[in-house]
Every structure is written in structure tokens, then in C-alpha cells.
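# Working through the structure, step by step
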Amino acid sequence: MNIILLGPPGAGKGTQARRLVDERNMIQLSTGDMLREAHTSGTEMGKVVAEIMGAGKLVTDEIVIGLIDEKLRGENGGGFIFDGFPRTLAQADSLAELLEKHGQTLDAVVEMRVDDEALVARITGRFTCGNCGEVYHKVTKPSKVEGTCDVCGQQQMKFRTDDNEESLRTRLMEYYKKTSPLIGYYYAKALLKPVNGLGEIEEVAAEISTVLG
Ligand code: AMP
């Protein structure tokens, strides 16, 4: 089963994707993670996109489509979870073509609904483990021992440079202008499965499980 997790920044896409990886052996394809990785490893593309990402703008369709195309050639385990991709109608059209090219189909688009106020609170407090990727929040999900990851025990907590209020405003604007039209696009294809993203992590996970069957 191949699915998209669709929703604004801070909706919980990454957190829920990680659960699906654990529970269903699915493969998470996060274009945001791939771009951050490209930056950390010092590739030319990483350098080019770092400034755009820091400002909260979208990078070009060509770059992210190229990244996804490459990943679709690899193992697909229990299916792919597209997390943070597609973000534009052009990317959505390309994804359809790429899936066809790789003999795959898209089975569901889970739309995670969260209001803007909750997003600001979630994003400005979040941090992740740089080793295993576990996501934390200083108020709603702190680690048991400050600075140490509950899952892997490493002390490599990281805040994202674009998780500040100014960049978030731009990211939300980009979402409403360029990404939210995908809700109608996938509704018309009868793939859209809206879930309430405002609940506890477990509640949202249960709702996602129900809609995916
Ligand atoms: P994310 O980790 O999904 O919040 O993405 C972080 C940043 O990476 C975004 O604010 C964009 O600058 C860039 N990015 C990630 N995915 C895409 C995409 N599909 N299209 C364009 N830009 C993207």
C-alpha cells in the first residue's frame, strides 16, 4: 500500500509516518529529510536549497521529483509513505507518472487536519534525535532524561533552523497557496481520507489505522 500524508507543517506527518514504518514495515520518503541530509553531507544541491529551506519557501519541483524518482527504484517493503511530498500540483502529476513508471499505485491520501494556532505551538517546541529521528516536544513530549533520546539513548538532540515563527509563517503561506489545492485534487480521485490531527499521537494513529484498513 502506497500512501501520502498530507497536511501543513507541524500536523504530525513525520511522527505518524514513523509509527507506520514500525507497525506496517512501510518505507518513509520524506523530501524534507532528504533535503536536510543533502545539506548536512555538503552536496552542491544541499548548499543550493539550504537558504530556501531556512526561509520557509518551497524548493523547485525538479529537485524533489528527482529525489523521489531515485527512491522509487529501491525496496518498497510494506509500501511507501510520501511525507511532505507532493507539495504542488505539478509534483502530484509527476508522482502519478513516476508511480506508473515503477509499476506502483497510490492507495490513499491521509489529510491531517490541524488548526493554525496548534501548529505554531507544536512547531516552536519541537526537536528531534539526530541519531534515530525520534520526534519530541518540550511541552507535550519531552524526553524522560533531558537531552537523551528515550529510544536510542544518544545525546544528539536537534532543533530545526526553520522551526521559528517567521519561517513558519512563510511555510504556512506556501502550504495554503501551493499545497492545499491537492486536497481537492485527491478528493476528485476518490483517494482523500481526512483525519483529525489535533488529538494525542495515539488517537491520531488509531484514526489513521481505521481509514487505511
Ligand atoms: P519538511 O521537513 O517537510 O517540513 O520540509 C522542510 C523544507 O524542505 C520545506 O519548508 C521546503 O523548503 C523543503 N521541502 C520539503 N519537501 C518539499 C517539496 N515536496 N517541495 C518543495 N520543497 C520541499
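Structure shown above.
A brief structural summary. All values derive from a computational prediction rather than experimental measurement.

### What about the sheet that holds strand β8 (residues 192-196)?
- An order of β2-β3-β1-β4-β8 is seen for the five strands of this open sheet, with the pairing classed as parallel. Each edge of the sheet is formed by a strand with only one pairing partner; in this case those strands are β2 (27-30) and β8. The mean angle between the axes of side-by-side strands here comes to 25°, regardless of whether they run parallel or antiparallel.
- One ladder, built from four bridges, connects β2 with strand β3 (residues 80-83); its direction is parallel. When the bridges of β3 are listed, Gln28 appears paired with Ile81.

### Considerations on the nonpolar core
- With 27 residues, the main nonpolar core has Ile4, Ile68, Leu72, Phe82, Leu95, Val109 and Tyr186 as its most contacted residues.
- In terms of residue count, the dominant contributor to this core is helix α4 (residues 61-72) (five residues).
- Core analysis: the second largest hydrophobic core is formed by 20 residues, Met112, Ile123, Leu172 and Leu212 among them.

### Here's the deal with the site of the ligand
- Taken together, 16 residues surround the ligand, and among them Thr31, Arg36, Lys57, Arg87 and Gln91 come closest.
- Contact between the ligand and Thr31: a nitrogen atom at 2.8 Å from a side-chain N or O atom of the residue.
- Contact between the ligand and Arg160: an oxygen atom at 3.0 Å from a side-chain N or O atom of the residue.
- In the complex, 96% of the free accessible area of the ligand, which totals 480 Å², lies under the protein chains.
- By residue number, the principal contributor to the shell around the ligand is helix α2 (residues 31-40), which donates four residues.
- Of the residues belonging to the shell around the ligand, the class tally is six nonpolar, four polar and six charged.

### A few points about the pairing of β3
- Judged by which residues are buried, β3 turns out to be covered on both faces: Phe80 and Phe82 on one side and Ile81 and Asp83 on the other are all buried.
- With three bridges connecting them, strand β1 (residues 3-6) and β3 associate as parallel partners. Its bridge partner being in β3, Ile3 is matched across the sheet by Ile81.

### Observations regarding unusual backbone geometry
- The omega torsion of the bond from Phe85 to Pro86 falls at -5°, within 30 degrees of zero and hence cis.
- Relative to the assigned elements, Pro86 resides in the loop between β3 and α5 (89-101).
- Positioned with a positive phi, Asn25 is a non-glycine residue whose angle comes to about 60°.
- Mapped onto the elements of the fold, Asn25 is located in the loop between α1 (13-24) and β2.
- You will see that Ala190, though not glycine, has its phi angle at about 60°, which is positive.
- Here Ala190 is to be found in the loop between α8 (181-188) and β8.

### Looking at the pattern of salt bridges
- Going through the model one piece at a time under the given rule, you end up with 14 salt bridges.
- Between Asp69 and Arg73 there is a salt bridge; the shortest N-O distance is 3.2 Å.
- According to the relative accessible area criterion, Asp69 is buried, its value standing at 14%.
- Between Arg126 and Asp163 there is a salt bridge, and its shortest N-O distance comes to 2.8 Å. Of the two residues, Arg126 sits in strand β5 (residues 126-129) while Asp163 sits in the loop between β7 (157-158) and α7 (165-179), which places them 37 residues apart along the sequence.

### Here's the deal with the pairing of β1
- Side chains of β1 alternate between two faces, with Ile3 and Leu5 and Ile4 and Leu6 buried alike.
- In the sheet, β1 pairs with strand β4 (residues 108-113) via four bridges, with the strands oriented parallel. Bridge pairing in β4 links Ile3 to Ala108.

Cut-offs and rules
Residues numbered from 1 in each chain as written. Predicted model: local features only at pLDDT ≥ 70, side-chain atom pairs only at ≥ 80, totals over all residues. Heavy atoms only, no water. Pairing = 2+ DSSP bridges. Helix = DSSP H or I, 4+ residues; strand = E, 2+ residues; numbered from the N terminus. Axes fitted to C-alpha atoms, helices over the stretch in contact; angles between N-to-C directions. Core = buried A, V, L, I, M, F, W, Y, C linked by side-chain atoms within 4.5 Å. Buried < 20%, exposed > 50% of the residue type's maximum accessible area, 1.4 Å probe, protein only. Near = heavy atom within 4 Å. Polar contact = N/O pair within 3.5 Å; in protein donor to acceptor, adjacent residues only side chain to side chain. Areas by Shrake-Rupley, 256 points an atom, 1.4 Å probe, with all protein chains shown as cover. Nonpolar A, V, L, I, M, F, W, Y, C, P; charged D, E, K, R; others polar. Salt bridge = Lys/Arg side-chain N within 4 Å of Asp/Glu carboxyl O.

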